[in-house]
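Chain by chain, the residues run as shown.
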Amino acid sequence: GAGPAGGSRYSYIGGFDATSNLAAAMRHGITPKGTHAHSFVSAFTSFSDLPSRLIDGVDVVERALEVRRRLGFSSASDSELAAFVAYAQAFPDGFLALVDTYDTVNSGIPNFMAVATVLSELGHKPVGIRLDSGDLAYLSKRARSMFVAADARLGGSSALASSAIMASNNINEAVLHSLNDQGHQLDALGVGTHLVTCQMQPALGMVFKLVEIEGKARIKISQDVSKVTIPGAKDAFRLVGKHDIPILDLLVPTSESAPVPGRRVLCHHPFEEKKRVFVTPSKVIPLLVPVWIGARHEAFARAKAEAVAGDSDSDAKDAATATAGAAADAAAAGAATVAPAASGAAAEGAAAPRREGAALGHRVRFPTPTEVRSYVRAQLSILREDHVRPLNPTPYKVSVTAGLYHFIHELWSREVPIAELA
């Protein structure tokens, strides 16, 4: 699998703003954000553990203790304050303190406010706090009220009132909905375990099935209709209606013309005869773009076209298709591509050996994670709300053309034997 770095990349593409995984941030150009661990705080036992008490020449410990006394929190943990000072020395403009190592309300938040106030006085911009346990909704509201009260007590110049409040601790979708129902003062959320392990759907039930081989459509039949494949090479188009809202995606055989804006098209459910609708799209968006074209793909198409040109005999075409496949294999390996004999006509001779060149391989510039993320956000923003609601979402429709619908059922009837009962 892609591992932790891949989890960070795909989470960012899906809409998250940053990652605490430094390797992923460096590899994929994602903004790194985070804070220290609980062990960092508990590693400090007193102010004597600090190599230095200074930031910008100011004794931060002395000034922080003074602020803490002024705010009425003299009993807060000194060792925790020492840890916060050390962290502020390393990140004076990225100071985001984890405040629940000992006591969130009576120690962690007061010590953050003391150090953050000193940083602000020195011209730095502390970020805020992180809550990692307890009642997150209640604690966020309590923290905000403490920030506001402290800012007023310090004369309104500390910027504490606007400090960010972040939360983590096994957050999943149920917790998010509960927080919204309760009301909270959280500015950001750190989601880890239940995101990268996909708690709601840890496995994607999907397999690849053969739908065409050497130009011949194939189908896989099952008593479970969701496992019946849609045969043949196809293109996919998104049909957009008025107000730029997608109506459905349409699968179109490559032998058929693409849908056209302003022209009505009949769209079928692949397997249910009565489910069909006429759609007049205001916009048509192609969804499939060739990213990689291999040597065999192009060589086969070229050899087949040369072999069957001008020949209407179906048996000859089948023989030519098989020969084209062999020729394509040779071309892919860098061997000579030959024009096969068809309908008794001898080949004029072998073509000169030819390797596929720059036309093969990557066909598009792969977008950056940031570009993909922007595209994902734009696509989600135009979906109807009932398609993306968390409870009982309306399934988004994927339809087939009338021609493809009839071909599916024709091939189905041709391939499946009719049972005999006596």
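The structure we're discussing is the one just above.
Anyway, here's the lowdown on the structure attached to this text.

Calculation criteria
- Residues numbered from 1 in each chain as written.
- Predicted model: local features only at pLDDT ≥ 70, side-chain atom pairs only at ≥ 80, totals over all residues.
- Heavy atoms only, no water.
- Pairing = 2+ DSSP bridges.
- Helix = DSSP H or I, 4+ residues; strand = E, 2+ residues; numbered from the N terminus.
- Axes fitted to C-alpha atoms, helices over the stretch in contact; angles between N-to-C directions.
- Parallel < 35°, antiparallel > 145°, perpendicular 65-115°, else oblique.
- Left-handed = near helix turned anticlockwise from the far one by under 90°.
- Contact = heavy atoms within 4.5 Å.
- Nonpolar A, V, L, I, M, F, W, Y, C, P; charged D, E, K, R; others polar.
- Phe/Tyr/Trp six-rings, centres within 6.5 Å; stacked < 30°, edge-to-face > 60°.
- Buried < 20%, exposed > 50% of the residue type's maximum accessible area, 1.4 Å probe, protein only.
- Lys NZ or Arg CZ within 6 Å of the ring centre and 35° of its normal.

1. Description of the pairing of strand β16 (residues 398-401)
Next up, step 1: As judged from the three bridges shared by strand β10 (residues 246-253) and β16, these two strands associate in the parallel manner. By the bridge assignment for β16, Asp249 is matched with Val398.
Next up, step 2: Relative to β16, strand β11 (residues 265-268) runs antiparallel, the two being bridged by two bridges. Pairing of His268 across the sheet is with Val400, part of β16.

2. Let's talk about the packing of helix α4 (residues 60-71) against helix α5 (residues 78-90)
Next up, step 1: The N-to-C vectors of α4 and α5 enclose an angle of 130°; their axes lie 11 Å apart at closest approach. When the axes of α4 and α5 are compared, the pair comes out oblique. The element α4 and its partner α5 pack so that their crossing is right-handed. Contacts between α4 and α5 involve Val60, Val61, Ala64, Leu65 and Arg68 on the former and, on the latter, Asp78, Leu81 and Val85.
Next up, step 2: A per-class count over the contact of α4 with α5 returns six nonpolar, no polar and two charged.

3. Remarks on the sheet that holds strand β5 (residues 164-167)
Next up, step 1: As summarised here, the arrangement of the four strands in space is β3-β4-β5-β6, forming an open sheet in which the pairing is parallel. Only two strands of the sheet have a single neighbouring strand rather than two, namely β3 (96-98) and β6 (188-189).
Next up, step 2: Of the strand pairs in this sheet, β5 and β6 are connected by two bridges, and their pairing is parallel. Counted as the bridge partner of Ala167 is Leu189 from β6.

4. Some thoughts on the packing of aromatic side chains
Next up, step 1: Counting across every chain of the model gives eight aromatic pairs.
Next up, step 2: Ring geometry for Phe84 and Phe95: centres 6.1 Å apart, planes at 75°, overall edge-to-face. Of this pair, Phe84 sits in helix α5 while Phe95 is found in the loop between α5 and β3, placing the two residues 11 residues apart along the sequence.
Next up, step 3: Classification of Phe95 as buried rests on a relative accessible area of 0%.
Next up, step 4: Seen in terms of ring centroids, Tyr87 and Phe95 are 6.2 Å apart; in terms of plane orientation they differ by 45°. Their pairing is tilted. Here Tyr87 and Phe95 have matching classes, each one buried.
Next up, step 5: Through a chain of ring-to-ring contacts, three or more aromatic side chains come together here, namely Phe40, Phe44, Phe84, Tyr87, Phe91, Phe95, Phe112 and Phe147.
Next up, step 6: Residue placement shows Arg373 over the ring face of Tyr12; its charged tip is 4.7 Å from the ring centre.

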